[in-house]
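# Examination of the molecular architecture
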Amino acid sequence: MMAELDLRLEGDATLCVELRGVTAARQLRLQPRGRPSALALQPSSEAAGGALRARVPLHALLDDRPLRWDVSLRSDDGSDEPLRGRAPAGERHFFSARLGEHGLSAYLSDSADSLVLYSAPREQHARVMADENAKARYPQWLQELPLREDLVLFESFLGKTYAGNPRYLYEALRLARPDLHCVWAYQGSESIPDDPPRVRRGSAEYFRLLAQAKYRVNNVLFPVHGRKPETVYLQTWHGTPLKRLGYDIQVAGPEADARDNLRSEATGWSVLLSANPYSSEILPRAFGYDGPVLEAGYPLGDALAAPFADEAERAAALAALGLPEDRRYLLYAPTWRDDKPIGAWRFEFDLQLDLDRISAALAPDQVLLLKAHHLVAARLDPARLPANVIDLSHRDDVTELCRISEALITDYSSVFFDFAVTGRPILFYCYDLEHYAGQVRGFYLDVPGDLPGPVAEDTETLIAQLRNLPRVQAEHAGRYAAFQQRFCAHRDGGAARRVIDAVFGPAP
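Note that the structure is a prediction, hence the values are computed from the model and not measured.

## Observations regarding the pattern of salt bridges
By the definition in use, this model includes 37 salt bridges. For the salt bridge of Glu406 with Arg328, the shortest nitrogen-to-oxygen distance reads 3.1 Å. Taken together, the positions of Glu406 in strand S25 (residues 405–410) and Arg328 in strand S19 (residues 328–332) put the pair 78 residues apart, joining distant regions of the chain. In this structure, Asp432 and Arg337 form a salt bridge, with 2.8 Å as the shortest nitrogen-oxygen distance. A residue pair is termed long-range when its members are at least 10 positions apart, and Asp432 in the loop between strand S26 (426–429) and helix H11 (433–440) and Arg337 in the loop between S19 and strand S20 (341–343) qualify at 95 residues. Of the two residues, Asp432 and Arg337, both sit in the buried class. Within this structure, Arg167, Glu171, Glu190, Arg395, Asp397 and Glu400 form a network of salt bridges that share partners.

Dropping the structure here:
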């Protein structure tokens, strides 16, 4: 059932919702997302032409937190149907109002053209409404705004970080092609060399730049699909996969749910970057991508392939991280758990590691660094951590932590493929190995047979491995060398240069 919608305020206490084209409905129901109780209203037929009209008390819609209300019609038989409608031409949020310290607006959902009300504190409401209106205008801007031949838009991990392949490609590109104008979609606080312009992901400026950029670089995906034919979209991705991806996943979960969206994004990629032949085979299949693959190695690997030139360079890197230079560092960098959601693409930090016992087992000059995945809500209380355990999850880039660490502890994170460039020991703490393999994601490789280091399933075993790192490394030297040959062939420090030559070409 499709209705003509008309929303307006009646005084300062009531929202009037008028529906034309709806003959009867027992109730108009407003269901706030994430909350169990709905607001039920009895519509009347008092409007001209027999239209239904319902009056919503404004105080029931407003809260200190943002709320989205899905509107539906309940028929006489008790069934609910989303209120699908035709809105007036114009902005996505076709109705909006300021109500004291709050804002209220209405739009039609992307999935069903059904009515949604959005309420939030006034400043937040204005920002979100402007962003969503801008996103809806993106297809128009894509057609109308001119291409900017010198513009490169960089984004890493949904605009949250200055990290990964986009970071290290940018740091090489700014030197090789100073004629290009680089902009970062970045909402963090870390410094970026040359201090390029920054734009907030999802803002009106962001969507205009995305529409106009001759080059775009990402390691996940943009919030809208489509590009100009002349635009070059370099998808760098963010790791060689151990755990299954996209259409290769055989169990339900958030990654499986998102794969159709990623496939739609992949239709706009100009080239997909690969670190090795293994990735060149797996990634296109997993993403449903049939375009060019550039097997050049990862730019972030260039940083790991190059040892510190001297102690002064190492000291500077440690100082930038707020770490003393008279310590040796171990890095624990686990992946996220698909089955531990606590919000929209936010997951629990399921540590499952006895930090007190690890702390007691470390040598006097050793420090354990913790780096949670960017999708994990991890903020450990520093006051409750042992003195030789430091949580650096707030840092954007795990690569800079890999550079200063003498060994890596991980689980199923792709970080170990990158770290293997260094030749330093890698330990695998896989406390949920059977569960993860069978019910969470599954693997492409044999675990532990194909890994370059030993697997521990409990803290005690991991401690024994840490106490005997030289022996552990020697025992796995042959497997490690074979692993490097298979997955790290491009560890010559020239990956960024190869990507620049292939994608951007020489400076004019």
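What follows continues from the structure just given.
## A word on the nonpolar core
In this structure, Val152, Phe154, Leu242, Phe287, Phe416 and Phe504 are the most contacted members of the largest nonpolar core, which totals 99 residues. Excluding residues within four positions of it along the chain, Phe154 makes contact with Pro166, Leu169, Tyr170, Leu173, Cys182, Val183, Trp184, Ala185 and Val217. Counting 30 residues, the second largest nonpolar core, distinct from the first, contains Leu5, Leu41, Phe95 and Leu115.

## Points about the packing of aromatic side chains
If you walk through the whole model with that rule in mind, you get 26 aromatic pairs. On the basis of an interplanar angle of 45 degrees and a centroid distance of 4.7 Å, the ring pair of Tyr215 and Phe504 is categorised as tilted. Pair noted here: Tyr215 is in strand S15 (residues 213–218) and Phe504 is in the segment after helix H15 (495–503), with a separation of 289 residues, a long-range link. Each member of the pair, Tyr215 as well as Phe504, is classed as buried. Where Tyr332 meets Tyr429, the ring centres are 6.5 Å apart and the plane angle is 65 degrees; that geometry is what we call edge-to-face. You can see Tyr332 sitting in strand S19 and its partner Tyr429 sitting in strand S26, a full 97 residues away along the chain. The pair Tyr332 / Tyr429 is uniform in exposure class, with both members buried. Pairwise contacts between aromatic rings join Tyr278, Phe416, Phe417, Phe428, Phe483 and Phe487 into one cluster. Positioned above the aromatic ring of Tyr118, the side-chain terminus of Arg68 is 4.3 Å from the ring centre. The residue whose ring lies beneath Arg216 is Phe222, and the NZ or CZ to ring-centre distance is 5.3 Å.

## What to know about the sheet that holds strand S21 (residues 346–348)
Strand pairing in a sheet relies on backbone hydrogen bonds. The paired strands run either parallel or antiparallel. Taking strand neighbours across the sheet as the criterion, the three strands line up as S20-S21-S23 in an open arrangement whose pairing is mixed. Two strands bound the open sheet, and with one partner strand each, they are S20 and strand S23 (376–377). Note that S20 and S21 share two bridges and pair antiparallel. Looking at S21, one finds that Gly343 is bridged to Arg346.

## Here we look at the packing of helix H1 (residues 122–144) against helix H3 (residues 204–212)
Two measures define how a pair of helices packs: the angle their axes make with one another and the distance between the axes. At a minimum axis separation of 9 Å, H1 and H3 run at an interaxial angle of 20 degrees. If you check the angle between H1 and H3, you find them roughly parallel. Helix-helix and strand crossings are classified by hand; for H1 and H3 the assignment is right-handed. Residues Asp131, Ala134, Lys135, Tyr138, Trp141 and Leu142 of H1 pack against Ala204, Phe207, Arg208, Leu210 and Ala211 of H3. Partitioning the contact of H1 with H3 into residue classes produces eight nonpolar, no polar and three charged.

## Some thoughts on the pairing of strand S9 (residues 95–99)
Residues Phe95, Ala97 and Leu99 point to one face of S9 and are all buried, whereas Ser96 and Arg98, pointing to the other face, are not buried. Summarising the sheet, S9 and strand S10 (residues 102–108) pair through five bridges and their orientation is antiparallel. Bridged to Arg98 within S10 is Gly103. Where S9 folds back on S10, the antiparallel hairpin that results is connected by two residues, among which Gly100 adopts a positive phi of roughly 65 degrees.

## Description of the side chain of Thr422
By secondary structure assignment, the location of Thr422 is in the loop between helix H10 (415–419) and S26. Here Phe419 takes part through its backbone oxygen, which lies 2.7 Å from a polar atom of the side chain of Thr422. In this structure the side chain of Thr422 is engaged in a polar contact, spanning 3.1 Å, whose partner is the backbone nitrogen of Arg424. With sequence-adjacent residues up to four places away left out, Thr422 is seen in contact with Leu304 and Tyr480.

## Overview of the sheet that holds strand S22 (residues 366–370)
Taken together, the six strands give an open sheet; going across it, the order is S24-S22-S19-S25-S26-S27, and neighbouring strands pair in parallel fashion. Of all strands in the sheet, those bounded by a partner on one side alone are strand S24 (389–391) and strand S27 (455–456). By the bridge criterion, four bridges tie S19 to S25 in an arrangement that is parallel. In the strand pairing of S25, Tyr329 is matched with Ser405. Contacts between helix H12 (residues 459–467) and the sheet are confined to S19, S25, S26 and S27, with S26 contributing the most and set at about 170 degrees to the helix.

## A closer look at helix H5 (residues 277–287)
Of all eleven residues in H5, eight are buried, a share of seventy percent or more. Of all the positions in H5, only Tyr278, Ser279, Ser280, Ile282, Leu283, Pro284, Ala286 and Phe287 are classed as buried. A positive phi of about 65 degrees marks Gly288, the residue just after H5.

## Some points on H1
Look at H1: 32 Å from first C-alpha to last across 23 residues, which is about the 33 Å you get at 1.5 Å a residue. If you look at H1, its biggest bend is around 45 degrees, right at Tyr138, and the proline Pro139 turns up within four residues after that. Against strand S6 (67–74), S9, S10, strand S11 (115–121), H3 and S15 lie the buried residues of H1.

## Details of unusual backbone geometry
The residue after Val447, namely Pro448, is reached through a cis peptide bond having omega 15 degrees. A positive phi angle, near 55 degrees, is found at Asp113, a position not held by glycine. One can find Asp113 in the loop between S10 and S11. Its identity is not glycine, yet Leu158 carries a phi of approximately 65 degrees, on the positive side. Within the element layout of this structure, Leu158 appears in the loop between strand S12 (148–155) and helix H2 (164–176). Relative accessible area serves as the criterion here: at 26%, Leu158 is assigned to the partly exposed category.

Conventions adopted
Residues numbered from 1 in each chain as written. Predicted model: local features only at pLDDT ≥ 70, side-chain atom pairs only at ≥ 80, totals over all residues. Heavy atoms only, no water. Salt bridge = Lys/Arg side-chain N within 4 Å of Asp/Glu carboxyl O. Helix = DSSP H or I, 4+ residues; strand = E, 2+ residues; numbered from the N terminus. Buried < 20%, exposed > 50% of the residue type's maximum accessible area, 1.4 Å probe, protein only. Core = buried A, V, L, I, M, F, W, Y, C linked by side-chain atoms within 4.5 Å. Contact = heavy atoms within 4.5 Å. Phe/Tyr/Trp six-rings, centres within 6.5 Å; stacked < 30°, edge-to-face > 60°. Lys NZ or Arg CZ within 6 Å of the ring centre and 35° of its normal. Pairing = 2+ DSSP bridges. Axes fitted to C-alpha atoms, helices over the stretch in contact; angles between N-to-C directions. Parallel < 35°, antiparallel > 145°, perpendicular 65-115°, else oblique. Left-handed = near helix turned anticlockwise from the far one by under 90°. Nonpolar A, V, L, I, M, F, W, Y, C, P; charged D, E, K, R; others polar. Polar contact = N/O pair within 3.5 Å; in protein donor to acceptor, adjacent residues only side chain to side chain. Expected span 1.5 Å × (residues − 1). Bend = angle between axes of the 7 residues up to and from the residue.

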